[in-house]
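Residue-level listing of the chains:
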Amino acid sequence: MGFQPVKFYQTGTFTVGNRLLAPDERSLQSGEARSNSINSGHRACQGCGEALGARYAIDAAMAESNNQLIAANATGCLEVFSTPYPESSWQVPWIHSLFGNAAAVATGIAAAMKVKGRPEVRVVAQGGDGGTTDIGFGCLSGMFERNDDVLYICYDNEGYMNTGVQRSSATPPAARTATTMPVGPEPGNVFGQGKNVPEIAMAHGIPYVATATVADLRDLEYKVRKAMKMHGARYIHIFVPCPLGWGTASHDTIRMARLAKESGMFPVFEAEHGEVTGVLKIRHKVEVEEYLKPQKRFAHLFGKNAHPETVARMQAIADRNIRKYGLLEEEEVQNA
Amino acid sequence: MPNKPFAITLKPGTSLANLTGTWRTARPVYLDRLPPCNNACPAGENIQGWLFHAESGDYQQAWRVLVQDNPLPAVMGRVCYHPCEGACNRGQLDSAVGINSVERFLGDEAIKLGWKFNAPAAASGKKVLVVGAGPSGLSAAYHLARMGHQVEIHEAGPLAGGMMRFGIPKYRLPREVLDAEVARIVDLGVTLKLNTKVENIEQSMKQHGFDAAFLAVGAHIGKRAFIPSGDAAHIIDAVSVLRSMEGEDKPMLGRKVVVYGGGNTAIDVARTVKRMGAEPIVVYRRTRDKAPAHDFEIEEALQEGVMIKWLSTIKQADAGQITVEKMQLDDKGYPQPTGEFETLAADSVVLALGQDVDLSLLEGVSGLEIVDGTVQVSANMMTGHPGIFAGGDMVPSERTVTVAVGHGKKAALNINAWLNNATYEPAPKHELASFDKLNPWYYSDADKTVRPMLDIIRRQTSFDEVQGGLDESNALFEARRCLSCGNCFECDNCYGVCPDNAVIKLGPGKRFEFNYDYCKGCGMCATECPCGAIVMVPEET
């Protein structure tokens, strides 16, 4: 894959910066010149993964587009906490669309810029998993199918969080939400067929699809920058833990994202024109249980009335991801 | 084109008006914790501090930080038993950082490039006598000289170094390394008087007008044990053997040499006589795991062909042979005789049973307390006699070069305070940066660099140094394995992971600051700090 991690120099590229690396080898977030696209004073919860992911992504897009960027934003947490009228945290031209039409609005902006002869102005659309995988799905698919020149970024926190933690089509099986209570023989969310939007995006054959997490900053920045270098419809799906909705400690947001990736629950990969071109390998593999246990939304799977069979089904999902995307280094596959 | 986001012409109402810091129930605070290596160092070195500079390749600065505490890095890098590495948190990750090998690299680099100590402070007008030019005396003299005092070392022997010269064999510490580091201390303005035995400390002080004295005469008298022996039996003590190795007349021990004892000195003697072409047998009354010698030294001795008879005591020594009795350990681990005897060929028997201190110079000094042949000192290293301080092997403690160097530094600080009619108050120790305070995810995986060892044949036949050093590239590699436990090394993680942009970057070398106007107190910075340099403190309600 294109992202070349530095595996040495004390902390290599694992940390945000590293004084032992040349300045241009450090992450964008380590520099004072980062655009801080989403400013202090926003009303996201303590330890919000989405606020962090949005800054990571939009700062990278700003840098890559020479600050010539317009963002369309679906309704959702990100819009609510960043822009309660009349104040805004955004340091980019930003428009609030409806819940379901961010992709279409962004398409319109891109078309307008083309008509105005402003090819340097780039467009991103962004939304949460509700606005992307559920409500805005039709517009999104249309944008992909027409190959409109828009980068769509989905911040996936696995539910409708600001409205009171309801289930979305991105909510994992067995998770407790306000609408999937832990009652009955199979408590929590159902084991459905799943709705893997990155793969659906790949099925459209668009130029670029990638997943990323807030725990892998260098990989995330690399993917956003790469996407911004391309034209046509591009899709990046960023995994952003939600302390409120998941019932995790606010200081554990990055740790949760890391555990999701290291357990195989959230595969991190990139694809061009429908083909996977690279995966971020698991560094220190963990069992799914280690990822699930700190989350109160999975608390009913453990303790007095434990559901080990449900945990095993979750583990099977992770194992399938590991197999499917080849998430382990070869030697570890042999040892497993 | 102005570097301004497209289409922004008016200032929007900004969220900066919303001071989210009011949400906070706990605030992050930067702190320095005590790295375990520093905590374990008997010489009180700021190991993490000097590794920090070595990591960026600034070896001279690293060396300067190192010698703030210890003036003998090239010696240390060879003879120190590195308790720092035993405490190193990296040991719980893969293997401890090779601190000792980096220290040696810095020490050798300083000798090679001729680095000098920083000039001493302005002259204080005070005179201090240091008795003994061993590690403790040299260390005290160095620190006192840097504080501006006039220092004279009186050394009874013909050369400086003490046990570093007359106890530690050349294959562990080449003499030119020792000479270079001693010379550098003398260059500070320390007067070194060799062949000057202090017969009476009070007299010497009065006669030459010294304001204080530091005694560090070491422990050079080999302990004797009563062994029934015939007239022709050749029994000699280990200290004499090692000392005579430095002179013109090498000791005459014959071919079969029995070394009696299980400490490092016994092993040193055995390895030394092996190199002289003899066949050493170490006789020790207990087992290998109970022997006081360091296991790696035993291992190296065995590799070189030294024989060791465990669980044996010498009952009788005669011309050409000795009788040993086999022992067995009782329930408490003490050796008990079995009544089984055996004879061994022995042209000579070397006793390595520990050493005593020559206390003759203290005769008639009031207020001293001597217990078990060692001088008692208080926490400030002063003996019962005001103005006379003592350290090194002559006071009760572990007898290693590093401990001695630490004594010298501690005594110097206290002597300096005493000369100024003050008491030295050490700065309170920071909380220990234990492994659970770290976030090890962020450190690259990297195994320890192994130092080259001399060929076995040359180890058996020459006094060439056994263990080699690291070169520049692998010393840098090794330094960069440091986790910087408890001390910010500017990885920018806090600055990057804050969802509220509430961390202010102050620039290289200046670390960071929190902007409490916006910090919501989520604690992500503290959790994701690799080295545990941030703590969450509850806000007052």
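Not measured: the values here are computed from a predicted model. (Residues numbered from 1 in each chain as written. Chains lettered and ligands numbered in written order. Predicted model: local features only at pLDDT ≥ 70, side-chain atom pairs only at ≥ 80, totals over all residues.)

**Overview of the overall build of chain B**
Short version of the rule: Going along the chain from the N terminus, every DSSP run of H or I of four or more residues is numbered as a helix, and every run of E of two or more is numbered as a strand. Any residue whose C-beta has 12 or fewer other C-beta atoms within 10 Å is treated as exposed, any with 20 or more as buried, and any in between as partly exposed, C-beta atoms being built from the backbone. Note on contacts: residues are paired as contacts if their backbone-placed C-beta atoms lie within 7 Å.
Within chain B one finds 18 helices and 22 strands. Taken over the C-alpha atoms alone, chain B extends approximately 105 × 55 × 45 Å along its principal axes. Expressed as a percentage of its 541 residues, the buried residues of chain B come to 49%. Considering only contacts in chain B between residues 6 or more positions apart, those separated by 24 or more positions represent 72%.

**Some remarks on the overall build of chain A**
Heads up, the rule is: Both definitions apply: the radius of gyration is a C-alpha atom measure, and the globule rule equals 2.2 Å times residues to the power 0.38.
Within chain A one finds 12 helices and 9 strands. A compact globule built from 336 residues would reach a C-alpha radius of gyration of about 20 Å, and chain A, at 19 Å, matches this within 12%. In terms of overall dimensions, chain A has C-alpha extents of about 65 × 45 × 40 Å along its principal axes. Counting the 336 residues in chain A, one finds 60% classified as buried.

**Let's talk about the sheet that holds strand S6 (residues 208–213) of chain A**
Residues and elements named next belong to chain A. Here is the rule we go by: Pairing between strands is defined by DSSP: at least two bridges between the two strands are required. Axis definition: a line fitted to C-alpha atoms, over the contacting stretch in the case of helices. Angles run 0 to 180 degrees between N-to-C directions.
Read from one edge to the other, the open sheet built from 8 strands follows the order S3-S1-S4-S5-S7-S6-S8-S9, with strand pairing classed as mixed. Two strands lie at the open edges of the sheet, namely strand S3 (94–96) and strand S9 (275–279), each paired on one side alone. Neighbouring strand axes in the sheet, compared pairwise and without regard to direction, differ in orientation by 20° on average. Bridge count between strand S5 (residues 151–156) and strand S7 (residues 234–239): 6 bridges; the pairing is parallel. The residue bridging Tyr-155 from the neighbouring strand is Ile-238, located in S7.

**Things to note about the sheet that holds strand S14 (residues 335–345) of chain B**
Residue and element names in this part refer to chain B. Spatial strand order, S12-S13-S14: 3 strands in an open sheet with antiparallel pairing. Every interior strand has two partners, whereas the edge strands, strand S12 (312–318) and S14, have only one. Pairwise comparison of adjacent strand axes, ignoring direction, gives a mean angle of 25° for this sheet. With 6 bridges connecting them, S12 and strand S13 (residues 321–329) associate as antiparallel partners. Residue pairing in the sheet places Thr-313 in a bridge with Glu-325 of S13.

**Focus on the nonpolar core**
Rules: The nonpolar core criterion groups buried Ala, Val, Leu, Ile, Met, Phe, Trp, Tyr and Cys residues into a set whenever they are joined through C-beta atoms within 7 Å.
Formed by 252 residues in total, the largest nonpolar core has its most connected members in Ala106(A), Val150(A), Ala141(B), Ala213(B), Leu215(B) and Phe389(B). Leu215(B) has contacts with Val131(B), Gly132(B), Ile201(B), Ile388(B), Phe389(B), Ala390(B) and Met394(B), leaving out every residue within four places of it along the chain.

**What to know about unusual backbone geometry**
Residues and elements named next belong to chain B. Residue Asn-421 is not a glycine yet carries a positive backbone phi of 55°. Its location among the elements puts Asn-421 in the loop between helix H14 (401–419) and helix H15 (456–461). A count of 6 C-beta atoms within 10 Å places Asn-421 in the exposed class. In this structure, Ser-484 takes a positive phi of about 55° despite not being glycine. Looking at the element boundaries, Ser-484 is found in the loop between helix H16 (472–479) and helix H17 (493–497).

**Structural notes on the interface of chain A and chain B**
It is common to give the size of an interface as the accessible area lost on bringing the parts into contact. Rules: All amino acids are sorted into three groups, where Ala, Val, Leu, Ile, Met, Phe, Trp, Tyr, Cys and Pro are nonpolar, Asp, Glu, Lys and Arg are charged, and the leftover types, Gly among them, are polar.
Taken together, the contacts link 49 residues of chain A with 47 residues of chain B. Looking at the side of chain A that touches chain B, the elements that each hand over two or more residues are helix H1 (49–64), strand S1 (69–73), strand S2 (87–88) and helix H9 (253–263) of chain A. Residue contributions to the side of chain A that touches chain B peak at 4 residues, all from H9(A). Partitioned by chemical class, the residues of the side of chain A that touches chain B number 17 nonpolar, 24 polar and 8 charged. In terms of strand pairing, S2(A) meets strand S1 (residues 13–14) of chain B through 2 bridges, oriented parallel. Across the sheet, Ser88(A) pairs through a bridge with Thr14(B), a residue of S1(B).

**A look at the packing of helix H3 (residues 59–67) of chain B against helix H6 (residues 99–113) of chain B**
All names here are of chain B. Counted only if it meets this: Here the word oblique covers every angle except those under 35 degrees (roughly parallel), over 145 (roughly antiparallel) and from 65 to 115 (roughly perpendicular).
Where H3 contacts H6, the axes come no closer than 10 Å and their chain directions differ by 105°. With respect to H6, the axis of H3 lies roughly perpendicular. Counting all contacts with H3, which are made through Tyr-59, Ala-62, Trp-63 and Leu-66, the residues of H6 involved are Glu-103, Leu-106, Glu-109 and Ala-110. Residues that form the contact of H3 with H6 fall into these classes: 6 nonpolar, no polar and 2 charged.

**Side note on the confidence of the model for chain B**
Any residue range with low pLDDT should be treated as having predicted coordinates unsuitable for detailed reading. To keep it simple, the criterion reads: Each residue gets a pLDDT score, which is the predictor's confidence in that residue and runs from 0 to 100.
This prediction gives chain B a mean pLDDT of 92; 98% of its residues lie at or above 70. For this predicted complex, the interface score ipTM comes out at 0.94, while the overall pTM is 0.90.

**Description of the environment of Met202(A)**
All names here are of chain A. Relative to the elements of secondary structure, Met-202 occurs in helix H6 (residues 197–203). A residue is classified by how many C-beta atoms lie within 10 Å of it, and Met-202, with 21 of them, is buried. Along the primary structure Met-202 and Ala-63 are separated by 139 residues, whereas in three dimensions their C-alpha atoms are 26 Å apart. Those residues within four positions of Met-202 in sequence are excluded, and the remaining contacts are Val-209, Ala-271 and Gly-274.

**A closer look at H3(B)**
Of all the residues in H3(B), the buried ones are Tyr59(B), Ala62(B), Trp63(B), Val65(B), Leu66(B) and Val67(B). Structurally, H3(B) contributes buried residues whose contacts are with helix H2 (47–55), helix H4 (73–79) and H6 of chain B.

**Notes on the packing of H2(B) against H3(B)**
Residue and element names in this part refer to chain B. The geometry of H2 relative to H3 is characterised by a closest axis approach of 7 Å and an angle of 170° between their N-to-C directions. With respect to their mutual orientation, H2 and H3 come out roughly antiparallel. Along its contact with H2, which presents Gly-49, Trp-50, His-53 and Ala-54, the element H3 presents Tyr-59, Gln-61, Ala-62, Val-65 and Leu-66.

**Some thoughts on the pairing of S9(A)**
Residues and elements named next belong to chain A. Direction of pairing for strand S8 (residues 269–272) relative to S9: antiparallel, over a ladder of 4 bridges. The partner of Phe-269 across the bridge, within S9, is Val-279. Once S8 ends, the chain turns through 2 residues before running back antiparallel as S9, passing His-273 with a positive phi of about 50°.

**A look at helix H3 (residues 102–115) of chain A**
Residue and element names in this part refer to chain A. The test is simple: How far a helix is expected to stretch is found by multiplying one less than its residue total by 1.5 Å.
Along its 14 residues, H3 runs 20 Å from first to last C-alpha, staying within 8% of the 20 Å computed at 1.5 Å per residue. When we look at burial in H3, the residues that qualify are Ala-102, Ala-103, Ala-104, Val-105, Ala-106, Thr-107, Ile-109 and Ala-110. Tucked into the core, H3 has its buried residues touching S1, S3, strand S4 (122–128), helix H4 (129–134), helix H5 (137–146) and S5. Looking one or two residues past H3, Gly-117 carries a phi angle of roughly 70°, positive in sign.

**Looking at the environment of Gln355(B)**
Residues and elements named next belong to chain B. Following the sequence through the fold, Gln-355 ends up in strand S16 (residues 355–356). A C-alpha to C-alpha distance of 34 Å links Gln-355 and Val-65, two positions 290 residues apart in sequence. In contact with Gln-355, other than residues within four places in its own chain, are Ala-219, His-220, Ile-221, Gly-222, Lys-223 and Val-239.

**Looking at the environment of Glu299(B)**
Assignment of secondary structure puts Glu299(B) in helix H13 (residues 295–303). Spatially, the C-alpha atom of Glu299(B) lies 10.0 Å from that of Ile267(B), the residues being 32 residues apart in sequence.

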